[in-house]
Amino acid sequence: MAEPRPELALRFQSRFLAARPLHSLPWPELEQSLRDAPDSPLLADILHKTILHPLCVKYPPPARYRRYFLTQLIEKHESTAAERLDELYDALADILKEEEEFTRCYKSYFLPTGDSVTLSESTAPISEGTAGLVTWEAALHLAQWALQNPGVFRDRTILELGSGVGFSGIAISKACQPKTFIFSDYHPRVLGKLGENLRLNGFIPEPGATWSIQTESQGQEVEGENCQNPKVFIAELDWDSVTESQLLGLQPDVVIAADVVYDPEINVALVGVLQKLFTSRAERKPLEVFIACTIRNPDTYQQFQAELDKVGIRWQIIPAHSTCDLLYDVQPNISILQLF
């Protein structure tokens with residue numbers, strides 16, 4: 001039986017605007033629907049929820065992606081006896097006139113709350129010497145878990161390590177009502193992109209440009225002057241050199257990170273930062289830490305766990321949820337570790 005049209009069009013929308021792989025879109029369900037009712041309204045609905053959606057018009061996924069998507073839609077349309085849908089061909093003609101942007105694109109993610117997160121990202125997984133200019137799967141997984149557990153973040157100060165382009169933190173800031181959210185990274189290009197994406201989503205980082213953690217060692221909790229909720233900061237944080245007294249100035253209640261466990265040397269530096277953060281909370285309510293890991297190399301993942309054991313940081317794996325509002329596809333190789 002064909003999937004109801006509104007739900008099918010929305011599935012195309014959520015995957016398309018996030019530029020998910022084209023093969024992951026529900027093409028078989030579309031083909032079945034067209035066989036059952038070979039008319040134009042369904043394809044027109046999909047077109048208006050994707051290519052012609054205001055988010056796509058203002059913040060488009062890569063032109064090549066949109067072109068291939070439309071070509072697929074046209075093929076499905078032409079396989080039916082339906083009347084010609086000129087809008088499909090007009091949209092493709094418009095895209096063919098565009099100059100291809102080879103380095104940057106936009107991706108938009110709909111949250112279960114009805115809000116959305118739009119990000120400017122690199123078109124390449126690794127560019128300008130960093131992997132921090134794209135959204136990785138573990139960030140989607142972490143945000144999915146956070147949105148299912150908003151009480152962990154509500155009215156609290158959150159520190160994100162290795163924020164990258166900012167998806168997890170922006171989603172949590174929009175949907176989970178934290179008091180303060182501190183985004184952090186170290187690569188200059190990533191920090192710049194992070195600031196751009198915060199503003200793109202309606203957040204204004206607290207006064208000045210990037211707050212350099214190296215210069216903030218007075219043990220004072222970060223405070224902002226404007227009234228936005230939550231207050232957001234961008235911290236330049238070097239895991240190799242940051243000290244416990246400098247971290248004390250952040251005063252986080254919760255620490256999160258996504259896809260930061262991928263290199264043995266970086267694991268050692270990361271565990272060093274986590275140890276300092278736990279120590280700085282010794283006389284306060286215990287710190288809550290959640291790390292989303294993509295297990296590409298089991299040895300690297302186990303080495304991270306061994307480094308935690310070595311410094312006395314306990315950990316447990318949080319059971320995965322079955323729903324995948326943000327993930328779109330099940331990711332069995334991603335886990336979330338809670339540290340304590």
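Fair warning: this is a prediction, and the values are worked out from it, not measured in the lab.

(A) Structural detail: the nonpolar core. Counting residues in hydrophobic clusters, the biggest one holds 38 residues, and the most contacted among them are Trp145, Phe153, Phe167, Ile256 and Phe290. With eight residues, the single largest contributor to this core is helix 7 (residues 137-148). Phe16, Leu25, Leu47 and Tyr65 belong to the second largest nonpolar core, which has 33 residues in total.

(B) Seen up close, the side chain of Arg15. Its place among the elements puts Arg15 in helix 1 (residues 5-17). Reaching out from Arg15, the side chain makes a polar contact with the backbone oxygen of Ser24 at a distance of 3.0 Å.

(C) How the structure looks around the pairing of strand 1 (residues 104-110). Taking burial as the measure, the seven residues of strand 1 include five buried ones, the bulk of the element. In sequence, strand 1 turns back onto strand 2 (residues 116-122) through a hairpin of five residues, with Gly114 there showing a positive phi of about 100°.

(D) Expanded view of unusual backbone geometry. Despite not being glycine, Gln251 has its phi angle at roughly 50°, a positive value. Among the secondary structure elements, Gln251 is positioned in the loop between helix 10 (244-248) and strand 7 (254-258). Using a relative accessible area of 13% as the deciding quantity, one classes Gln251 as buried. Positive phi, normally seen in glycine, also occurs at Asp259, with a value near 55°. Looking at the element boundaries, Asp259 is found in the loop between strand 7 and helix 11 (264-280). In this structure Asp259 comes out as buried when scored by relative accessible area, which is 10%.

(E) Structural context of the pattern of salt bridges. Within this structure, the stated rule accounts for 13 salt bridges. A salt bridge links Glu29 to Arg11, with the shortest nitrogen-to-oxygen separation between them at 3.4 Å. Taken as a pair, Glu29 in helix 2 (residues 27-36) and Arg11 in helix 1 lie far apart in primary sequence, 18 residues in all. Residue Glu29 is classed as partly exposed on the basis of its relative accessible area, which comes to 26%. We classify Arg11 as partly exposed; its relative accessible area is 25%.

(F) Focus on the packing of aromatic side chains. Scanning the entire structure with this criterion turns up ten aromatic pairs. Each ring, one from Phe16 and one from Tyr65, has its centre 5.7 Å from the other, and the planes form 35°; the classification is tilted. On the criterion of sequence distance, the pair formed by Phe16 in helix 1 and Tyr65 in helix 5 (residues 63-78) is long-range, its members being 49 residues apart. Each ring, one from Phe16 and one from Phe69, has its centre 4.6 Å from the other, and the planes form 40°; the classification is tilted. Of this pair, Phe16 sits in helix 1 while Phe69 sits in helix 5, and the two are 53 residues apart along the sequence. For Phe69, a relative accessible area of 0% gives the class buried. Following the ring pairs from residue to residue traces out a cluster consisting of Phe12, Phe16, Trp27, Tyr65 and Phe69.

Calculation notes
Residues numbered from 1 in each chain as written. Predicted model: local features only at pLDDT ≥ 70, side-chain atom pairs only at ≥ 80, totals over all residues. Heavy atoms only, no water. Core = buried A, V, L, I, M, F, W, Y, C linked by side-chain atoms within 4.5 Å. Buried < 20%, exposed > 50% of the residue type's maximum accessible area, 1.4 Å probe, protein only. Helix = DSSP H or I, 4+ residues; strand = E, 2+ residues; numbered from the N terminus. Polar contact = N/O pair within 3.5 Å; in protein donor to acceptor, adjacent residues only side chain to side chain. Pairing = 2+ DSSP bridges. Salt bridge = Lys/Arg side-chain N within 4 Å of Asp/Glu carboxyl O. Phe/Tyr/Trp six-rings, centres within 6.5 Å; stacked < 30°, edge-to-face > 60°.

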